[in-house]
Amino acid sequence: MTVAVEFASVSRHFGTVRAVDEVDLSIAEGTFFAMLGPSGSGKTTCLRLISGFEKPTHGAIRIFGQDVSNTPPNRRNVNTVFQDYALFPHLNVRENVGYGLMVKGVGRATRNARAEEMLALVKLDGFGERKPGQLSGGQRQRVALARALVNEPRVLLLDEPLGALDLKLREAMQDELKALQKRLGITFVFVTHDQTEALSMADRLAVFNHGKIAQIGTPSEIYAQPRTRFVADFVGSSNVLPPKLAQRLGAAPKWSSLRPEALRLTDTRTAALAGTVTGLRYLGAGTRVTVVVTGAELGVLVPTGSPLPEQGAEVGIVFDAADLHPMEEA
Ligand code: ATP
């Protein structure tokens, strides 16, 4: 396995703020890697450390095995796609895409031909003459992508690139980006605060909290086996059970997570847990039913079409013991 990006105990401080705090990280070549976390958790700073727009206060960053601590951004074989796209408004689409090649001194004919190839790759054939102002948000997003890819980076950094798009377009672009990454085989490092986006696109993801990585793993590992309460809460809306309740249910006395879709409602007589329905929230594919039991409030996802309890009703809750997942830390 070739390692594309490696952080060895990397920190970046801004005055007293530890934006990135002793992060160790290893991203294998060809991976779609997502950095997920709430606002201010250090994701963008990590990306800027890879691109070279930011320097670490401590620690070493290696790209394909080479220490890049003193390598300027333009010599790192890494390109960034920004959330605001940062296109040049006075240049047309083809010139925008060919810009990096122009800076490298590539002649106009080759530049234009390469730009057209990239535009075809992102499904924008025939848009070369337009100015960015004459494109939709999704089209501008693709131009930004083409402009980064034309430089043939070995690592592509994407900073919330779909943040400005509406949900439908966002989902379409998620699929396209994922397919493009697989086809090109380039390492993608993708920053997002949207857990659905990270889970659906990434091969591996890191969950950030306060400048540290709370957990790294595949989407299913992170979703099914959150290591901490923070991860369980942030990635999907899991139920977090206090140690006493977990113990009462026959598990170890540890903070534990239990996904809403792992729970089923039943009558109170047969169930291990019983409580009162205090809320029903319709979500389209299902309804999230809130049940207050002794010691906790649990969300139960009832698929649309299944019978729903009344507000205030007494209900039982059943689940497989294997779905109750103890966590390492509070
Ligand atoms: P968001 O999702 O909001 O973009 P993020 O997870 O990308 O957040 P960062 O932008 O990496 O977070 O910021 C991490 C912390 O470092 C924040 O507290 C931020 O205010 C601080 N920070 C980032 N850049 C600077 C800077 N140039 N000067 C001072 N503080 C900074």
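Definitions and limits used
Residues numbered from 1 in each chain as written. Predicted model: local features only at pLDDT ≥ 70, side-chain atom pairs only at ≥ 80, totals over all residues. Heavy atoms only, no water. Pairing = 2+ DSSP bridges. Helix = DSSP H or I, 4+ residues; strand = E, 2+ residues; numbered from the N terminus. Near = heavy atom within 4 Å. Polar contact = N/O pair within 3.5 Å; in protein donor to acceptor, adjacent residues only side chain to side chain. Areas by Shrake-Rupley, 256 points an atom, 1.4 Å probe, with all protein chains shown as cover. Nonpolar A, V, L, I, M, F, W, Y, C, P; charged D, E, K, R; others polar. Buried < 20%, exposed > 50% of the residue type's maximum accessible area, 1.4 Å probe, protein only. Contact = heavy atoms within 4.5 Å. Patch = residues over 30% accessible without salt bridge, like charges linked within 9 Å, V, L, I, M, F, W, Y side chains within 5 Å. Salt bridge = Lys/Arg side-chain N within 4 Å of Asp/Glu carboxyl O. Expected span 1.5 Å × (residues − 1). Arc of directions from axis to C-beta. Axes fitted to C-alpha atoms, helices over the stretch in contact; angles between N-to-C directions.

Concerning the sheet that holds strand β5 (residues 66-67)
Here we have 4 strands laid out as an open sheet, ordered β2-β1-β4-β5, and antiparallel in their pairing. The open sheet has two free edges, formed respectively by β2 (17-28) and β5, since each of these has just one partner strand. Of the pairings in the sheet, the one linking strand β1 (residues 3-14) to strand β4 (residues 58-63) comprises 5 bridges and is antiparallel in character. Within the sheet, the bridge partner assigned to Glu6 lies in β4 and is Arg62.

Quick look at the site of the ligand
Around the ligand, a shell composed of Phe14, Val17, Ala19, Pro38, Ser39, Gly40, Ser41, Gly42, Lys43, Thr44 and Thr45 is seen. At 3.0 Å from an oxygen atom of the ligand is found a main-chain nitrogen or oxygen belonging to Ser41. For the ligand, whose free accessible area comes to 640 Å², the fraction covered by protein is 58%. Mapped by element, the contributors of at least two residues to the shell around the ligand are β2 and α1 (43-51). Per-element accounting of the shell around the ligand gives the leading share, 3 residues, to α1. For the shell around the ligand, the class distribution of residues is 4 nonpolar, 6 polar and 1 charged.

Structural notes on the environment of Gln311
Tracing the backbone through its elements, the reader meets Gln311 in the loop between β16 (296-303) and β17 (314-318). Relative accessible area serves as the criterion here: at 52%, Gln311 is assigned to the exposed category. Taking the C-alpha atoms as reference points, Gln311 and Thr290, separated by 21 residues in sequence, lie 9.3 Å from one another. Excluding residues that lie within four positions of it along the chain, Gln311 makes contacts with Val277, Thr278, Gly279 and Leu280.

Examining a nonpolar patch on the surface
Nonpolar side chains collect at one region of the surface, where Tyr99, Met102 and Val103 lie side by side and expose about 280 Å² of accessible area between them. Following the sequence through the fold, Tyr99 ends up in helix α2 (residues 93-103).

Topic: helix α5 (residues 167-184)
Under the 1.5 Å per step criterion, the end-to-end length of α5 is 25 Å for 18 residues, consistent within 8% with the ideal 26 Å. Of all the residues in α5, the buried ones are Arg170, Met173, Gln174, Leu177, Lys178, Leu180 and Gln181. End-on, the buried residues of α5 take up no more than an arc of 165°, which puts them together on one face. Counted as exposed and oriented over 90 degrees from the buried face of α5: Lys168, Asp175 and Arg183. Next to the buried residues of α5 lie β3 (32-36), α3 (108-121), α4 (137-149), β7 (155-159), β8 (187-192) and α6 (195-201).

Observations regarding the sheet that holds β7
What the 6 strands build is an open sheet, ordered β6-β7-β8-β3-β9-β10; its pairing is mixed. One side of each edge strand has no neighbouring strand; the edge strands of this open sheet are β6 (78-81) and β10 (212-217). Looking at each pair of strands side by side, their axes are set apart by 20° on average, direction ignored. In terms of strand pairing, β7 meets β8 through 5 bridges, oriented parallel. Within β8, the position partnered with Leu156 by the bridge is Phe188.

None of the figures reported here should be taken as evidence of function without further support.
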